[in-house]
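Coordinate analysis (summary)
Each chain, letter by letter, is given below.
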Amino acid sequence: MVRCGYELYRFSVQKNSHFLKRWALWWLSLIAYRSANKIILTSESDRDFVSKTFWVNEKKIKIIPNFVDKELFSPPAHLPTSKKLLFVGRLDPQKNLDSAIRAVAETGASLDIVGAGSLEKELKDLAQS
């Protein structure tokens with residue numbers, strides 16, 4: 001089984017990564033997808049991309065979106081007195097953490113961020129400002 005939160009080869013193309021890196025990721029992805037009995041992706045767009053790029057039968061692919069069930073995880077009528085939030089994940093542009101930092105700054109709440117990535121210094125500077 002292969003499970004992707006995001007499609008790594010597609011991401012490397014979008015980032016315009018070095019040709020050799022894209023080439024290696026394409027081959028690794030081809031082997032993984034073609035060898036898997038089941039592939040779990042998060043979007044129809046990724047399903048279409050994987051199917052066309054790696055010649056994978058769509059019947060092998062199941063879509064399980066990454067999202068928060070707002071019915072199950074709805075905010076309480078009133079915020080607890082602690083007003084603490086936590087983010088755990090990559091510190092990369094697609095996580096949109098700069099918007100989260102700016103939004104939390106206007107609430108009086110605190111935001112703990114745990115992770116590493118290309119935006120670590122930039123996000124620290126934004127949080128301090």
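Our next topic: the overall build of the chain. Helix and strand content of the chain: 5 helices and 5 strands. Walking the chain from its N terminus toward its C terminus, one meets helices and strands in the order β-α-α-β-α-β-β-α-β-α. Here the C-alpha radius of gyration of the chain, 19 Å, is well above what a compact globule of 129 residues would show, namely 14 Å. In terms of overall dimensions, the chain has a C-alpha envelope of 50 × 35 × 20 Å along the principal axes. For the chain, the proportion of its 129 residues judged to be buried stands at 26%. Within the chain, contacts between residues at least 6 apart in sequence are counted, and of these 58% link residues at least 24 apart. For the chain, the accessible area works out to roughly 9,500 Å², and carbon and sulfur atoms hold 57% of it.

Here strand S4 (residues 84-88) runs beside strand S5 (residues 110-114); their pairing, made up of 5 bridges, is parallel. Considered in S5, the bridge of Leu-85 is made with Leu-111. Crossover handedness for the path S4 to helix H4 (residues 97-105) to S5: right-handed.

Mapped onto the elements of the fold, Lys-59 is located in the loop between helix H3 (44-53) and strand S3 (61-63). Residues Lys-59 and Asp-46, 13 residues apart in the sequence, show an inter-C-alpha distance of 14 Å.

A separate point is the packing of H4 against helix H5 (residues 120-128). Two elements in contact, H4 and H5, have axes separated by 10 Å at closest approach and are oriented at 15 degrees. If you check the angle between H4 and H5, you find them roughly parallel. The two elements H4 and H5 meet at a crossing, and its hand is right-handed. Residue-level contacts link Leu-97, Asp-98, Ile-101 and Arg-102 of H4 to Leu-123, Leu-126 and Ala-127 of H5. When the residues that make up the contact of H4 with H5 are grouped by side-chain class, the tally is 5 nonpolar, no polar and 2 charged.

Calculation criteria
- Residues numbered from 1 in each chain as written.
- Predicted model: local features only at pLDDT ≥ 70, side-chain atom pairs only at ≥ 80, totals over all residues.
- Heavy atoms only, no water.
- Helix = DSSP H or I, 4+ residues; strand = E, 2+ residues; numbered from the N terminus.
- Rg over C-alpha atoms; globule rule 2.2 N^0.38 Å.
- Buried < 20%, exposed > 50% of the residue type's maximum accessible area, 1.4 Å probe, protein only.
- Contact = heavy atoms within 4.5 Å.
- Areas by Shrake-Rupley, 256 points an atom, 1.4 Å probe, with all protein chains shown as cover.
- Pairing = 2+ DSSP bridges.
- Right-handed = clockwise from strand over helix to strand, strands pointing away.
- Axes fitted to C-alpha atoms, helices over the stretch in contact; angles between N-to-C directions.
- Parallel < 35°, antiparallel > 145°, perpendicular 65-115°, else oblique.
- Left-handed = near helix turned anticlockwise from the far one by under 90°.
- Nonpolar A, V, L, I, M, F, W, Y, C, P; charged D, E, K, R; others polar.

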